[in-house]
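Next come the chains, spelled out residue by residue.
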Amino acid sequence: MSGTQKHALSHAVAAPRANPAARAFALMAFTLLAFALVVAARLRAQDAEPKSSPAALQTYADAANYQNAGEFALAIEEWSKFLEKFPQDPLAAKAQQYLGVCYTQLDPPKHGEAAAAFAAVAEKYPKFELLEDTFLNLGWSNYSLAQGTEDEAKKAAFYAAAVKAFSQLVEKFPEGKQADDALYWWGASLYWQGKREEAIVPYGRLVKEFPESPLRADGVYILGVTNEELENYAAAGEAYDLFLKEFAENTLATEVQMRKAETVLQAALASRAKGEDASALLADAEKKFGAVAAIPEFPSANHAQFRQAYCASLQDKFAEAGALYAAVAGAKDTPYAVPSRIAAGR
């Protein structure tokens, strides 16, 4: 894979859209605000439900107001105070959850503290109404910790914790509102550990089970890439065909065309190794590489032309191959210049 392709893959896996914690915060802000508005009424009610004390309700309201105002450090103090003073209160689960969310909203985020807060929710409150969000944010916090450390042992432990959280979410909420997110990040947590075979499972489920997901383009792309890296070229080719059918205008479409051409070439090489006629596959691969090489400003155009020349040479079209190699050899700043000059001279 070229350096350009690796960069595109890294971008697609690392940040397909806004992080789960940020979205969860936005969704719960309204809930917190609504709660703060009715706290006064609850304080006056003699038989209010849940049965929180006036002091607990006031502390909760203070924390909610700070969080709604974006004063996350102050909100953390108040949520911590609530949990210290009222650990058995009916609102303790929500306070623990929002404590974790506030840690994710700090600049920079404190993912370790956030992970601890979300883990406490998952452990203490298995029937919590926001448990799906809890697992997503627990997984995201551990994924972020893994991405942020160079210590290989810690990195492995954080990724393992992320996988556990994301897989638990999917197991408990297979059709939940966060299930597609969890499948994507579950796959990413496996992918970055080098566990490509395992990563195919959640990536495949994302593509199959959530056709309307905002993460579908990213999921189809990385499913193809992962299969390609595992040399499962037929499966990779199918994913790339699907991507090009559904996302022809996506910024990664040209790269996917390049990758699709490579899967056709690899199928041709496999056929040749078996003594089979691969002429049709080679012609198709040559055509596909040529189409990609002709796309203006494609960063890997020289690579595409280099592979096009190789396909031509395998078909004994030596004059065409030589001209293509010569064109690449004359290009500036390409790692394929030297091998092209060598190939052209043969």
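Just so it is clear, the structure is predicted and the values come from calculations on it, not from any experiment. (Residues numbered from 1 in each chain as written. Predicted model: local features only at pLDDT ≥ 70, side-chain atom pairs only at ≥ 80, totals over all residues. Heavy atoms only, no water.)

Trainee: Please explain the packing of aromatic side chains as it appears in this structure.
Mentor: Aromatic rings considered in pairs are described by the distance between their centres and by the relative angle of their planes. Under the definition given, this model contains 15 aromatic pairs. Measuring from centroid to centroid gives 5.9 Å for Tyr143 and Tyr159, while their planes differ by 65 degrees, and the two rings are edge-to-face. Residue Tyr143 is located in helix H7 (residues 131-147), and its partner Tyr159 is located in helix H8 (residues 152-172); the two are separated by 16 residues in the primary sequence. When sorted by exposure, Tyr143 lands in the same class as Tyr159, which is buried. Centroid distance Phe306 to Tyr325: 5.7 Å. Interplanar angle 65 degrees. Geometry classified as edge-to-face. Residue Phe306 is located in helix H15 (residues 301-314), and its partner Tyr325 is located in helix H16 (residues 318-329); the two are separated by 19 residues in the primary sequence. When its relative accessible area of 16% is taken as the criterion, Phe306 is described as buried. (Phe/Tyr/Trp six-rings, centres within 6.5 Å; stacked < 30°, edge-to-face > 60°. Helix = DSSP H or I, 4+ residues; strand = E, 2+ residues; numbered from the N terminus. Buried < 20%, exposed > 50% of the residue type's maximum accessible area, 1.4 Å probe, protein only.)

Trainee: Any chance you could explain the nonpolar core here in plain terms?
Mentor: As a rule of thumb, nonpolar side chains are buried together in soluble globular proteins. Counting residues in hydrophobic clusters, the biggest one holds 45 residues, and the most contacted among them are Tyr203 and Phe243. If you list the elements that add at least two residues to this core, you get helix H6 (111-124), H7, H8, helix H9 (179-191), helix H10 (196-209), helix H11 (216-229), helix H12 (233-246) and helix H13 (253-273). Listed in part, the 28 residues of the second largest apolar core include Ile76, Leu91, Val101 and Leu145. (Core = buried A, V, L, I, M, F, W, Y, C linked by side-chain atoms within 4.5 Å.)

Trainee: Is there a simple way to think about the environment of Ala73 in this case?
Mentor: Relative to the assigned elements, Ala73 resides in helix H4 (residues 72-85). Look at Ala73 and you get partly exposed, because its relative accessible area is 48%. Each C-alpha atom of the pair Ala73 and Gln105 lies 9.2 Å from the other, and the pair is 32 residues apart in sequence.

Trainee: Sorry, what's going on with the packing of H11 against H13 here?
Mentor: Helix-helix packing is described using two parameters, namely the angle between the two axes and the distance between the axes. Between H11 and H13, the shortest axis-to-axis distance is 11 Å and the interhelical angle comes to 35 degrees. The way H11 lies across H13 gives a crossing that is left-handed. On H13, the residues that touch Tyr221, Val225 and Glu228 of H11 are Glu255, Val256, Arg259 and Glu262. Its residues assigned to classes, the contact of H11 with H13 comprises three nonpolar, no polar and four charged. (Axes fitted to C-alpha atoms, helices over the stretch in contact; angles between N-to-C directions. Left-handed = near helix turned anticlockwise from the far one by under 90°. Contact = heavy atoms within 4.5 Å. Nonpolar A, V, L, I, M, F, W, Y, C, P; charged D, E, K, R; others polar.)

Trainee: Before we go on, may I ask you to explain H8 in this structure?
Mentor: An α-helical segment advances 3.6 residues per turn. Residues three or four places apart therefore align on the same side. With 21 residues, H8 ought to run about 30 Å at 1.5 Å a step, and its terminal C-alpha atoms sit 30 Å apart, in line with that. Buried-residue contacts for H8 involve H7, H9 and H10. Of the residues that open H8, the one with a side-chain oxygen 3.0 Å from the backbone nitrogen of Ala153 is Asp151. (Expected span 1.5 Å × (residues − 1). Polar contact = N/O pair within 3.5 Å; in protein donor to acceptor, adjacent residues only side chain to side chain.)

Trainee: Which parts of the structure should I look at to understand H12?
Mentor: Spanning 14 residues, H12 covers 20 Å between terminal C-alpha atoms, matching the ideal 20 Å at 1.5 Å per step. The inward-facing, buried residues of H12 abut H11 and H13.

Trainee: In this structure, what is going on with the confidence of the model for the chain? I would like to understand it.
Mentor: Caution applies to low-pLDDT parts of the model: their predicted coordinates are not meant to be read in detail. The predicted model of the chain averages 88 in pLDDT, with 85% of residues at 70 or higher. Throughout residues 1-18 the model reports pLDDT below 50, and contacts reaching past four residues in sequence, or to other chains, amount to 45 contacts. pLDDT under 50 marks residues 33-48. Its contacts with residues more than four places away, or in other chains, come to 15 contacts. (pLDDT = per-residue confidence, 0-100.)

Trainee: So what exactly am I meant to see when it comes to the environment of Ala55 here?
Mentor: By the secondary structure assignment, Ala55 is in helix H3 (residues 54-68). What makes Ala55 partly exposed here is its relative accessible area of 45%.

Trainee: In this structure, what is going on with the pattern of salt bridges? I would like to understand it.
Mentor: Where side chains of opposite charge bring their charged atoms close, a pairing between them can arise. Counted under the stated rule, the structure contains 14 salt bridges. Lys288 is paired through a salt bridge with Asp284; the nearest N and O atoms lie 2.7 Å apart. Taken together, the residues span about one helical turn, with Lys288 and Asp284 both in helix H14 (residues 279-293) at a distance of four residues. (Salt bridge = Lys/Arg side-chain N within 4 Å of Asp/Glu carboxyl O.)

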